[in-house]
Amino acid sequence: MFDKETVHAIKKGLLWHQRDRLFSRWKERYFILTRDYLHCFRRASGSERISEMGQFLLKIKLVDVEKVEWENKKTYSAVVLNFGRDGKIFLRATEGLEEWFEFLEECTLTSKERRRALRHSHDGKPRDNNNITPSLDEWLTARQKI
């Protein structure tokens, strides 16, 4: 779906956001989803606002998300970004939440795949920065034969 140079917004819009902490309340925020991050902004206020996007608040690395889950409550549904021991973030919307869920799930999986690919060499073996690379090792072996 994405090529290496893709850094544009995949999806953006207003969502309600809540953390899984004591006394946490639902807050309306403006979100921008890119291929590796979910950016969160305050909702713009005032009559002269140009867009719904206000002050930057936080950026969530999608590789840090363990699972993207769908949760049905009695009065609403929510997308849950599960960070394991680091907690959860709940997102809900009046419409289009299913699309947010699909994009978040897909972007999280592809971001993790790209991270794994970067950690492995072309032959599939994990890179170890403390060891000599194969080409240098081959060069040293050839030199010793001379």
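What counts, and at which threshold
Residues numbered from 1 in each chain as written. Predicted model: local features only at pLDDT ≥ 70, side-chain atom pairs only at ≥ 80, totals over all residues. Heavy atoms only, no water. Helix = DSSP H or I, 4+ residues; strand = E, 2+ residues; numbered from the N terminus. Buried < 20%, exposed > 50% of the residue type's maximum accessible area, 1.4 Å probe, protein only. Contact = heavy atoms within 4.5 Å. Salt bridge = Lys/Arg side-chain N within 4 Å of Asp/Glu carboxyl O.

Draft legend 1. Quick peek at the overall build of the chain. Helix and strand counts for the chain come out as two helices and seven strands. Walking the chain from its N terminus toward its C terminus, one meets helices and strands in the order β-β-β-β-β-β-β-α-α. Split into buried and exposed, the 146 residues of the chain put 29% on the buried side. Across the chain, every contact between residues at least 6 apart in sequence was considered, and the portion connecting residues at least 24 apart equals 42%.

Draft legend 2. Quick peek at the pattern of salt bridges. The full count for this structure, using the stated rule, is seven salt bridges. The closest approach of N and O atoms between R114 and D36, which form a salt bridge, is 2.5 Å. Of this pair, R114 sits in helix α1 (residues 97-119) while D36 sits in the loop between β2 (27-33) and β3 (37-43); the two residues are 78 residues apart in sequence, bridging distant segments of the chain. Residue classification places R114 among the partly exposed residues on the basis of a relative accessible area of 23%. A salt bridge links E52 to R43; the shortest N-O distance between them is 2.9 Å. For R43, a relative accessible area of 33% puts it in the partly exposed group. Through salt bridges with shared partners, one network takes in E28, R43 and E52.

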